[in-house]
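# What the coordinates show
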Amino acid sequence: MEEVSTGIEPRVPAVKPDSKPSSFVEVSPMLETAAATVAESVEVDKDLLCPICMQIIQDAFLTSCGHSFCYMCIITHLRNKSDCPCCSQFLTNNQLYPNFLLDKLLKKTSARQISKTASPVEQFRQALNQGYEVSIKELDNLLSLLAEKKRKMEQEEAERNMQILLDFLHCLRKQKVDELNKVQTDLQFIKEDINSVERHRIDLYRARDRYTVKLRMLGDDSSTRKPWPSFIDKNSSGIVSSSLNVRGVMSAGNLQNKLIDGKAQASGHGPQRKDALSEADSQGFNQSGLSIARKKRVHTQFNDLQECYLQKRHQLANQLHIKQESDKNVIHREGYNAGLAEFQSVLSTFTQYSRLRVIAELRLGDLFHSANIVSSIEFDRDDELFATAGVSRRIKVFDFSTVLNEPADVHCPVVEMSTRSKLSCLSWNKCWKNHIASSDYEGIVTVWDVTTRQSLMEYEEHEKRAWSVDFSRTEPSMLVSGSDDCKVKIWCTNQEASVLNIDMKANICCVKYNPGSSNYVAVGSADHHIHYYDLRNISSPLHVFSGHKKAVSYVKFLSENELASASTDSTLRLWDVKENLPLRTFKGHTNEKNFVGLTVNSEYLACGSETNEVYVYHKEISRPLTWHRFGSQDMDDADEGTGSHFISAVCWKSDSPTMLTANSQGTIKVLVLAA
């Protein structure tokens, strides 16, 4: 109770300023009296607490031994015990008596407690209501004081509001100045790049004109070597006639025959020229149409392209020395900023294609297996063969050129290998062409020899389903696998047991070696993260990439430093494993529960969708470049499950625009990016 009174005491003097007229001092004794009364009540309050509940006594009852309690507190106590809580003397319900005097004091104390929580103004109002007399002079002084206090408070409030407004305007000005500086910087970059591009375009025009002149000169030389009589007839008749007169060799008939032959030859060359012109015109129209289509693609994705341009321009604006890359799409010219050169490469590759065209199709469905989901599809080292695997418990190897050049709905595989369990993943060895690894639903990792159709090694250490397997590109004898048993295992084809084991806390959905080193492995798991390990120290991951909201189903490397991941949160993400940075998020496809495939090359990412569509993204643009739907025209109309089919596997053919795709019906399509 002392703490409560201490909180009130500083408020009382605050109502009475020191510098005010002495007439108001006469009012203060009333407030001081109220405060003194409250202070006195604090000492009494300790004795008015119930010893049982330690609160102000309610309905006070006195015991025969002289102690007071709340009626409900002492009755409840006596139900369990027959003694006084204070002195332990024997006590029954018949020895309890109402304490009317204490109740009266408690009511007064309660009123004081209520007044203690009231403000000084409220206390003054209560004093007036209780009959305290105040003179007119005192009221006038009080009113003038309150008016001055009101004006002061209004002035302070106005000052605070103006200060808040001023702070807001300063922040807004700073933000807009920063935006203006950024826009001015961007405009300066754009101006420099426009001038640079204009100079190079003029150089190209001049070079084209020089080539045109050279071609014309070469054409004139060839026509000179094969003279046309009609030309001689029209322009050199004087020479011909003079030679006839001098030599007397040609007769008039011979000359006429020559003229007729010349006209015939001239008329013979006419259609050839027209054909050449019409062919050139058609090529010009085609080029013009392609140019218009590419411009439309630019405008469709203008915001994303603008963001890409400014990002690259700012990143490389201050770099004076840029390493020359082997990428032939990047154009390095004198006067070109490196950022502009990189963006030109992006713009070129992004606008180069607008659709996916089907160039071949085959069906894997058979009469003996109703389940035809293709879980994995992979090209071999030389892109000559490709293998498929899935729930049909078979690895089928096809000749790619045969599928491409011999149109047929059903193609026979060149090699077929049966397994005991459903297959989840395949990985060709990029060094030994005839070796391929598989993982299955029983947790078995198998290395096969495609030539002999026999298994070379079988690893059975995983305790649950193995989802992923991958051969190292730099160490062809090494492979990695991940399983639902939360373990990543490193294998060597020369040993029968795993050589390294990484225990994790969540199910492993995918694993992938870094293409530049067998020391680094990326692991995607059900904990929504990608763990990037250095196998030389597996105590903790080198990096953990966070951002996905659901399980990570695939990880693939675009290069040694660029890692792509897919998740059942319907997104793809691109990461920089060297700098440990997220680069981009790709959205457009639908993937909430199934493995729909992921494949990458140096420029493009492709994945499946649960809408039975294949989506292609450019690595610099977040939205899809194009997509292709697996149609159901060839399926029976009675097939009610068509809407539930999804893309289950995808694979690029190295760095070409050609891609293998498969869906849950067992249909495989060869798609190619087209303009």
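Residues numbered from 1 in each chain as written. Predicted model: local features only at pLDDT ≥ 70, side-chain atom pairs only at ≥ 80, totals over all residues. Heavy atoms only, no water.

## Observations regarding the overall build of the chain
Counting secondary structure elements, the chain contains 13 helices and 31 strands. Taken over 675 residues, the chain has a buried fraction of 40%. Long-range contacts, defined as pairs at least 24 residues apart, comprise 51% of the intrachain contacts of the chain with a sequence gap of at least 6. With the model as given, the accessible surface of the chain reaches about 39,100 Å², and the carbon-plus-sulfur share is 52%. (Helix = DSSP H or I, 4+ residues; strand = E, 2+ residues; numbered from the N terminus. Buried < 20%, exposed > 50% of the residue type's maximum accessible area, 1.4 Å probe, protein only. Contact = heavy atoms within 4.5 Å. Areas by Shrake-Rupley, 256 points an atom, 1.4 Å probe, with all protein chains shown as cover.)

## What to know about a positive patch on the surface
Together, Lys 104, Lys 107, Lys 108 and Arg 112 make up a positively charged patch on the protein surface. As for its position among the elements, Lys 104 is in helix H5 (residues 100–116). (Patch = residues over 30% accessible without salt bridge, like charges linked within 9 Å, V, L, I, M, F, W, Y side chains within 5 Å. Salt bridge = Lys/Arg side-chain N within 4 Å of Asp/Glu carboxyl O. Lys, Arg positive; Asp, Glu negative; His and termini not counted. Charge placed at Lys NZ, Arg CZ, Asp CG, Glu CD.)

## Regarding the sheet that holds strand S20 (residues 543–545)
To summarise the sheet geometry, strands pair through backbone hydrogen bonds and adopt either a parallel or an antiparallel arrangement. Strand order in the open sheet formed by 4 strands is S17-S18-S19-S20, with antiparallel pairing between adjacent strands. Either end of the sheet is taken by a strand with one partner, and the two such strands are strand S17 (508–514) and S20. Taken pair by pair, the neighbouring strands of this sheet meet at an average axis angle of 20°, ignoring direction. Summarising the sheet, strand S18 (residues 517–525) and strand S19 (residues 530–534) pair through 5 bridges and their orientation is antiparallel. If you follow Gly 524 over to S19, its bridge partner there is Ile 530. (Pairing = 2+ DSSP bridges. Axes fitted to C-alpha atoms, helices over the stretch in contact; angles between N-to-C directions.)

## Quick look at the side chain of Asp 383
Within the secondary structure layout, Asp 383 lies in the loop between strand S5 (374–379) and strand S6 (385–390). Of the side chains with opposite charge, Lys 653 comes closest to the buried, unpaired Asp 383, at an N-O distance of 4.6 Å. Among the polar contacts made by the side chain of Asp 383, one reaches the side chain of Ser 654 at a distance of 2.3 Å. Excluding residues that lie within four positions of it along the chain, Asp 383 makes contacts with Phe 400, Lys 653 and Ser 654. (Polar contact = N/O pair within 3.5 Å; in protein donor to acceptor, adjacent residues only side chain to side chain.)

## Concerning the confidence of the model for the chain
Taken over all residues, the pLDDT of the chain has a mean of 80, while the share at 70 or more is 77%. Counting interchain partners and residues more than four positions distant, the pLDDT-below-50 stretch residues 228–281 has 18 contacts. Between residues 633–642, whose pLDDT stays under 50, and residues either more than four places distant or in other chains, the model counts 7 contacts. (pLDDT = per-residue confidence, 0-100.)

## Overview of a nonpolar patch on the surface
A cluster of nonpolar side chains, contributed by Met 162, Leu 165, Phe 168, Leu 169 and Leu 172, occupies part of the molecular surface with about 480 Å² of accessible area. The residue Leu 165 is located in helix H7 (residues 136–225) in this model.

## Quick look at the pattern of salt bridges
Summed over all chains, the structure comprises 26 salt bridges. Linking Lys 174 and Asp 178 is a salt bridge whose minimum nitrogen-to-oxygen distance equals 3.3 Å. Taken together, the residues span about one helical turn, with Lys 174 and Asp 178 both in helix H7 at a distance of 4 residues. Among the residues examined, Lys 174 registers a relative accessible area of 55% and is labelled exposed. On the accessibility criterion, Asp 178 (41% relative accessible area) is partly exposed. We note a salt bridge from Arg 536 to Asp 534, for which the minimum N-O separation is 3.0 Å. Arg 536 gets classed as exposed once you look at its relative accessible area, which sits at 57%. Residue class for Asp 534 comes out buried when judged on its relative accessible area of 14%. One salt-bridge network, in which partners are shared between bridges, spans Asp 380, Arg 381, Asp 382, Glu 384 and Lys 433.

## Thoughts on the environment of Pro 413
Tracing the chain through its elements places Pro 413 in the loop between helix H13 (400–405) and strand S8 (415–418). Residue class for Pro 413 comes out partly exposed when judged on its relative accessible area of 26%. In this structure Pro 413 touches Lys 396, Val 397 and Phe 398, once residues within four positions along its chain are discounted.

## A few points about the sheet that holds strand S15 (residues 487–492)
The 4 strands lie next to each other as S13-S14-S15-S16, forming an open sheet whose pairing is antiparallel. Across the chains shown, the open sheet's two edge strands, defined by having one partner strand only, are strand S13 (466–471) and strand S16 (500–503). Recorded for the sheet is a direction-independent mean angle of 15° between the axes of neighbouring strands. In the sheet, strand S14 (residues 478–483) pairs with S15 via 5 bridges, with the strands oriented antiparallel.

## Brief notes about the packing of aromatic side chains
Taken as a whole and judged by the stated rule, the model has 17 aromatic pairs. Look at Tyr 532 and Phe 557: their rings are 6.3 Å apart centre to centre, the planes differ by 50°, and that puts the pair in the tilted class. With Tyr 532 in strand S19 and Phe 557 in strand S21 (residues 552–557), this residue pair connects regions lying 25 residues apart in the sequence. Residues Tyr 532 and Phe 557 agree in their burial class; the two are buried. Seen in terms of ring centroids, Tyr 554 and Phe 595 are 5.8 Å apart; in terms of plane orientation they differ by 85°. Their pairing is edge-to-face. Of this pair, Tyr 554 sits in strand S21 while Phe 595 is found in the loop between strand S24 (581–587) and strand S25 (598–600), placing the two residues 41 residues apart along the sequence. Here Tyr 554 falls in the buried class, since its relative accessible area comes to 13%. Exposure remark for Phe 595: the relative accessible area of 25% places this residue in the partly exposed category. Following the ring pairs from residue to residue traces out a cluster consisting of Phe 379, Phe 386, Phe 398 and Phe 400. (Phe/Tyr/Trp six-rings, centres within 6.5 Å; stacked < 30°, edge-to-face > 60°.)

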